[in-house]
2 protein chains.
Amino acid sequence: MLSNSKIKFLKSLHSKKFRTKHRQYIIEGHRIINEALKAKVELGGIWCSDDYAKKNELFLNSISKTQIRYEITSEKSLSQVCDSQNNQGIIGLIDLPHNKELDINLSNFLILDNISNPGNMGTIIRTAVWFGIKDVIISSECVDLYNSKVVRSAMGAHFHLNQIVIKNLDSLITKLQKNGFSIIGAELNGTSINKFKAPNKWALVLGSEAHGISLSIKSLLDESITIPNKDNIESLNVAVAAGIILNSLV
Amino acid sequence: MLSNSKIKFLKSLHSKKFRTKHRQYIIEGHRIINEALKAKVELGGIWCSDDYAKKNELFLNSISKTQIRYEITSEKSLSQVCDSQNNQGIIGLIDLPHNKELDINLSNFLILDNISNPGNMGTIIRTAVWFGIKDVIISSECVDLYNSKVVRSAMGAHFHLNQIVIKNLDSLITKLQKNGFSIIGAELNGTSINKFKAPNKWALVLGSEAHGISLSIKSLLDESITIPNKDNIESLNVAVAAGIILNSLV
């Protein structure tokens, strides 16, 4: 059973303040817990409902064979902890990874400048990992990477990621340029992605959904690329744009 | 001001049952209202808050010059009508378009089989319109196209769309094939999209987020294509996949 104090603690992790304080975050749902186990992430506990346990005996048996502990709890206490309206009957607790230093020898980077929508953020990192880009540089204005909606949309991509949260994108970009990287921005007016020849070492910058790439970053770009449209619709979703561009670059 | 009965009516349009009955739906937010005006969609009314009106005088002036009426109402009544937690102070009412018959002479189609997540549905049609695919065939198991979350994610793509909601995808696919269309399915194991040569006449099938393309549809496919991944992450978001594939096909 989940004690009241444990419920209170787990609930507190929906706020960035408490995630930062306790250095832990919550994952919700069968699929993402399964991804965490496959990626051999150390879970600080799993809680599931009676109903979930009855329907997923084999899965829980496989967890029993690991070092990870799971507890069966009431549907009611689980729904108190869950952020999603339709909780799937299982949650897990994970340590926040430590923020990495930038390893300039790694091949290519994704730079996220002011991505504010949690669904977009999660989908972007899911897409980046799909294309093998695991080094994601995130401006401190972006939505928190461990926000529960980001975690849900990323579908386990977090477990494959070396993320670098950074206050000063400008100086980092200058450092990348000094080391031979081309800084490529996704913009509305640039070279067509279908005609663009990717350089060897690149970092792709994606800007905010509403305002695009910040002015200070824009002035540092080596290249601007764009996805040609066939209609005068205003813009593509930033995560869709990320997918199209990464498929071209990688 | 919005009367109580009008509030009740507008609120009822968040349910598919009442949208179908009254043949109207609601759009929320400045950007999408602006898209509707640009696309010259006939709006059955616009309501905005005092606060919105103060901040958007020029925009409201431009509306005054059209046939469309707007009313200023209280923030409170607007928030009663709005589905989104952070309403932007403006909503509009639009007639549902009539379901079209399939025009087989049109060039290419997108076929959505069982897309259940409203955010994905909206992002897919926004992406389709970006690539000039305005004829979207939607299985009746998909989330309703006029669900308010679908409308929000589509960012105005609805105004450019000829949608065809259909009960029996199988017979429609057979009809397309008889007329020389290749039916291409997005699957996990298929020809790499980067090596695939698009035929002249095609229809792209996207399947459910959790289960992929239905078995009965799968057996009808002429081609299966896939987006190669660099990591063993389980899947791409279906809207991102739509973007990557459409960019290749178009």
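If you're wondering where the values come from, they're calculated on a predicted model, not measured in any experiment.

Caption draft 1: Examining the overall build of chain A more closely. When helices and strands are counted, chain A shows 11 helices and 10 strands. Whereas a compact globule of 250 residues would reach a radius of gyration of roughly 18 Å, chain A reaches 20 Å, a difference of no more than 12%. If one aligns the C-alpha atoms of chain A with their principal axes, the spans along those axes are about 55 × 40 × 30 Å. Counting every position in chain A, which comprises 250 residues, the buried fraction comes to 41%. Long-range contacts, defined here as pairs at least 24 residues apart, represent 79% of the contacts in chain A between residues at least 6 apart.

Caption draft 2: Structural view of the sheet that holds strand 1 (residues 24–28) of chain A. Residues and elements named next belong to chain A. Pairing is mixed in the open sheet, where four strands are placed in the order 1-4-2-3. Whereas interior strands pair on both sides, the edge strands pair on one side only; in this sheet they are strand 1 and strand 3 (70–73). Here the average twist between neighbouring strands, direction ignored, is 20 degrees. Judged from the five bridges that link them, strand 1 and strand 4 (residues 90–95) form a sheet pairing that is antiparallel. Bridge assignment links Ile26 to a residue of strand 4, and that residue is Leu93.

Caption draft 3: Structural context of the relation of the copies chain B and chain A. With an axial shift of 0.0 Å and an RMSD of 0.0 Å, the rotation relating chain B to chain A amounts to 180 degrees. Expressed as a symmetry operation, the mapping of one chain copy onto the other fits a two-fold axis. Mapped onto chain A, 100% of the interface residues of chain B are again interface residues, and the two copies thus contact each other with one and the same surface.

Caption draft 4: Local environment of the interface of chain B and chain A. Facing 27 residues of chain B, the contacting portion of chain A comprises 27 residues. Listed by contribution, the elements that provide at least two residues to the side of chain B that touches chain A are helix 7 (118–130) and helix 11 (238–249) of chain B. Here the side of chain B that touches chain A gets six residues from one element, more than from any other, and that element is helix 7 of chain B. Broken down by class, the residue content of the side of chain B that touches chain A amounts to 12 nonpolar, 10 polar and five charged.

Caption draft 5: Seen up close, the domain arrangement of chain A. All names here are of chain A. Assigned domains within chain A: domain 1 (4–95) and domain 2 (109–249). Each of domain 1 and domain 2 has a C-alpha centre, and these two points are 30 Å apart. Across the contact, 15 residues belong to domain 1 and nine residues belong to domain 2. Among the secondary structure elements, those contributing two or more residues to the side of domain 1 that touches domain 2 are helix 2 (16–22), strand 1 and helix 3 (30–38).

Caption draft 6: Here's a closer look at the environment of A:Ala210. Tracing the backbone shows A:Ala210 in the loop between strand 9 (202–206) and helix 10 (215–218). Residues A:Ala210 and A:Lys175, 35 residues apart in the sequence, show an inter-C-alpha distance of 27 Å.

Caption draft 7: Molecular detail of the sheet that holds strand 1 (residues 24–28) of chain B. All names here are of chain B. Strands sit in the order 1-4-2-3 across an open sheet of four strands; the sheet is mixed. Strands with a single pairing partner mark the edges of an open sheet, and in this sheet they are strand 1 and strand 3 (70–73). Taken over all neighbouring pairs, the strand axes of this sheet differ in orientation by 20 degrees on average, direction set aside. Bridge count between strand 2 (residues 43–49) and strand 4 (residues 90–95): four bridges; the pairing is antiparallel. Looking at the pairing, Ile46 lines up with Gly92 of strand 4. Against the sheet, helix 3 (residues 30–38) touches strand 1, strand 2 and strand 4, its axis set at about 40 degrees to strand 4.

Caption draft 8: Broad picture of the environment of A:Ile7. Residues and elements named next belong to chain A. By the secondary structure assignment, Ile7 is in helix 1 (residues 4–12). Taking C-alpha positions, Ile7 is 9.9 Å from Ser79, a pair spaced 72 residues apart along the chain. In this structure Ile7 touches Leu2, Ser77, Gln80 and Val81, once residues within four positions along its chain are discounted.

Rules and cut-offs
- Residues numbered from 1 in each chain as written.
- Chains lettered and ligands numbered in written order.
- Predicted model: local features only at pLDDT ≥ 70, side-chain atom pairs only at ≥ 80, totals over all residues.
- Helix = DSSP H or I, 4+ residues; strand = E, 2+ residues; numbered from the N terminus.
- Rg over C-alpha atoms; globule rule 2.2 N^0.38 Å.
- Buried ≥ 20, exposed ≤ 12 C-beta atoms within 10 Å, placed from the backbone.
- Contact = placed C-beta atoms within 7 Å.
- Pairing = 2+ DSSP bridges.
- Axes fitted to C-alpha atoms, helices over the stretch in contact; angles between N-to-C directions.
- Least-squares fit on C-alpha atoms with pLDDT ≥ 70 in both.
- Nonpolar A, V, L, I, M, F, W, Y, C, P; charged D, E, K, R; others polar.
- Domains from an automatic or database assignment.

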